Amino acid sequence: MKLHKFKQMGMNIVIDVNSGAIHVVDDIVYDVLDYYKNLSLDEIINKLQTKYNKEQLEEAYDEIRQLEEEGMLYTEDPYKNIILNDNGPSYIKAMCLNIAHDCNLKCKYCFASEGDYKGERKLMSAEVGKKAIDFVIENAGPRRNVEIDLFGGEPLMNFKVVKEIVEYARQREKETGKNIRFTITTNATLLTDEIMDFIDENMGNVVLSIDGRKEVNDNIRIRYDGTGTFDDILPKIKKMVEKRKDGKQYYVRGTFTRENLDFYNDVMMLADEGFKEISIEPVVLEDKHPLSLREEDLETIYEQYDKLAEEIVRREKEGKGFKFYHFNIDVNGGPCVYKRISGCGAGYEYVAVTPDGDIYPCHQFVGNEDFKLGNVFTGIENNELIKTFKNGHIYNKPKCMECWARFYCSGGCQANNYSFNKDIHIPYELGCKMMKKRVECAIAIKAKLMEE
Amino acid sequence: MKHIKTINMGALKNSIAKPGCKECANSCQSACKTSCTVANLECENR
């Protein structure tokens, strides 16, 4: 597919898939594009003469032709050989450190089986953590930026080790000249003043989990005694966010499920609490799970994204804007084509490490023995699997090659693809549909804001 | 142009001139952890 067009917020938007060019067009061009490639100008005039006059159609046709000649419409894909010829080494430079395979909550949708990843409840030792830091530094090769996500379970159940690992990384950073960026993802229940100060000082990003409205959050994000967490975490999250001055990143992050398909209200609740960096993401669960999102929910989900996009534009114009993670597409920048065609990086640039030091392609594969890549003490044992992930890019995903959004999502989540289709090369279709909607919204927001 | 307003001239194609340094973040590191979007990452080599 070379072209994608859609209508949003009163605009007709056309994306030239391969060049990334984006156009806002009038109704005439929008209609002519339906026939441009298959019919002659005379045939198009014949077809559309009841709607538009000949002169208008000729003008529209000419403008389309001009953009086509300038490489901004119907562009061919010039990138394929870049990736097929890329036989160079890959470098693991991003790591999800599962600091704790344990959690003090039992959220109903947890992919990690309430923190234990279907294994033993366990905390990472400082020894394993430090070895993991050594591993990623060694394997990052020439890459200067190294990312470490402190993850779980709930990583703050093992705060002592978090501190030791960060301290060790800072020392290794000086020795090696690497730039190590930490992120921590926490359910916020264990945040204290001391921990918040530590996080603020040492973390490049902090991801704070809350699902939105109290009734929504407390339906899902519960303690072992069944009580909800909202009243405990909201003040802590606010305090943590208040500390993030000078552009330091944070994300207030939640998940929506079939039980809050009206998640627009959850995003708004968080925005009204003053948060400026918000992410509310679709739950990924097998169809039979009561909280799973299904095909029949899509219409409602699309409406929610539309409403959200309109509200974001409205607030932005009033100077009260906020960032919604999935709409943060910089249409004039963002990652280069080399990144976009290589995918998310799981399994060859990005790995996850368990408390035992076992290495998996990403946090979502943890616990699946077929996907074990090795161990931080003994190194990579399954190089074939690394190759499989490296080759798991859009050009090896036939469905992606038919999709206009391939340079935005870059092939989707390998773990989701695998869990739904038992093959990383076959996209998780429901996820694709929501992704496409979000990309449309993101582009429409930018177009709308540029319009005025 | 009278009928078409171009808001992006083809940043994707133009980025082919970049070195492809692969220094940028991995998408799951930023916030998502479940729903990979690569296009909303930031370039480290602007």
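Before reading further, recall that the structure is shown in the block above.
As the structure is a prediction and not an experimental result, all values here were calculated from the model.

A. Layout of the interface of chain A and chain B. Across the boundary between the two partners, chain A contributes 80 residues, which contact 41 residues of chain B. Taken together, both faces of the contact between chain A and chain B bury some 5,300 Å²; the carbon and sulfur share is 53%. Here chain A is connected to chain B by three salt bridges. A salt bridge links Lys2(B) to Glu59(A); the nearest nitrogen and oxygen atoms lie 3.0 Å apart. Applying the counting rule to chain A against chain B returns 30 residue pairs in polar contact (both at pLDDT 80 or more). Broken down by element, the residue count for the side of chain A that touches chain B peaks at seven residues, all from helix H3 (residues 54-69) of chain A. In terms of strand pairing, strand E3 (residues 22-25) of chain A meets strand E1 (residues 4-8) of chain B through four bridges, oriented antiparallel. Its bridge partner being in E1(B), Val24(A) is matched across the sheet by Lys5(B).

B. Structural view of the pattern of salt bridges. All names here are of chain A. All chains considered together, the criterion is met by 48 salt bridges over all chains. Lys-5 is the partner of Asp-34 in a salt bridge, and the nearest nitrogen-oxygen pair spans 2.9 Å. One end of the pair, Asp-34, is in the loop between helix H1 (27-32) and helix H2 (41-48); the other, Lys-5, is in strand E1 (residues 3-8), and 29 residues separate them in sequence. The partly exposed category is assigned to Asp-34, whose relative accessible area is 42%. Among the salt bridges present, the one from Glu-451 reaches Lys-448, with a minimum N-O distance of 3.2 Å. Of the two residues, Glu-451 and Lys-448 are both situated in helix H17 (residues 429-451); the distance of three residues between them amounts to about one turn of the helix. Ionic contacts of the salt-bridge type, sharing partners, join the residues Asp-272, Glu-311, Arg-314, Arg-315, Glu-318 and Lys-320 into one network.

C. Seen up close, the sheet that holds strand E4 (residues 94-98) of chain A. All names here are of chain A. Across the sheet, which stays open at both edges, the eleven strands sit in the order E12-E11-E10-E9-E8-E7-E4-E13-E14-E15-E16 with mixed pairing between neighbours. Single-partner strands in this sheet number two, and they are strand E12 (323-324) and strand E16 (379-380). Pairing between E4 and strand E7 (residues 145-151): five bridges, direction parallel. Residue pairing in the sheet places Ala-94 in a bridge with Glu-147 of E7.

D. Up close: helix H16 (residues 414-421) of chain A. Turning to H16(A), its buried residues are Gln414(A), Ala415(A), Asn416(A), Asn417(A) and Tyr418(A). The inward-facing, buried residues of H16(A) abut helix H13 (383-390) of chain A.

E. Main features of unusual backbone geometry. Residues and elements named next belong to chain A. Residue Gly-153 is bonded to the preceding Gly-152 through a cis peptide linkage, with omega at 15°. One non-glycine residue, Glu-114, lies in the positive phi region at around 55°. Structurally, Glu-114 can be placed in the loop between strand E5 (100-101) and strand E6 (122-123). Looking at Glu-114, the relative accessible area reads 29%, which means it is partly exposed. Not every positive phi belongs to a glycine, and Tyr-117 is a case in point at roughly 50°. Take Tyr-117: it is sitting in the loop between E5 and E6.

Calculation notes
- All residue numbers refer to positions counted from 1 along the written sequence of the respective chain.
- Lettering for chains starts from A, numbering for ligands starts from 1, and both go in the order in which the items are written.
- Restriction of local features to residues with pLDDT of at least 70 applies here, the model being predicted, together with a cutoff of 80 or more for giving and counting side-chain atom pairs; totals for whole chains, interfaces and linings are based on all residues.
- Remark: hydrogens and water are excluded; side-chain values derive from all non-hydrogen atoms of the structure.
- Contacts are assigned to residue pairs that have any heavy atoms within 4.5 Å of one another.
- Values labelled buried area give the accessible surface lost by two parts on being combined, using a 1.4 Å probe and summing over both.
- The term salt bridge refers to a side-chain nitrogen of Lys or Arg lying within 4 Å of a carboxyl oxygen of Asp or Glu.
- Polar contacts, as used here, are pairs of N or O atoms within 3.5 Å; protein pairs need one atom able to donate a hydrogen and one able to accept it. Residues neighboring in sequence count only if both atoms are side-chain atoms.
- Helix and strand labels come from DSSP, where a helix needs a run of H or I of at least four residues and a strand needs a run of E of at least two; each type is numbered from the N terminus.
- DSSP-based pairing: two strands are paired if at least 2 bridges between them are found.
- Under the scheme applied here, a residue whose accessible area is under 20% of the maximum for its type counts as buried, over 50% as exposed, and between as partly exposed, the area being computed with a 1.4 Å probe on protein chains only.

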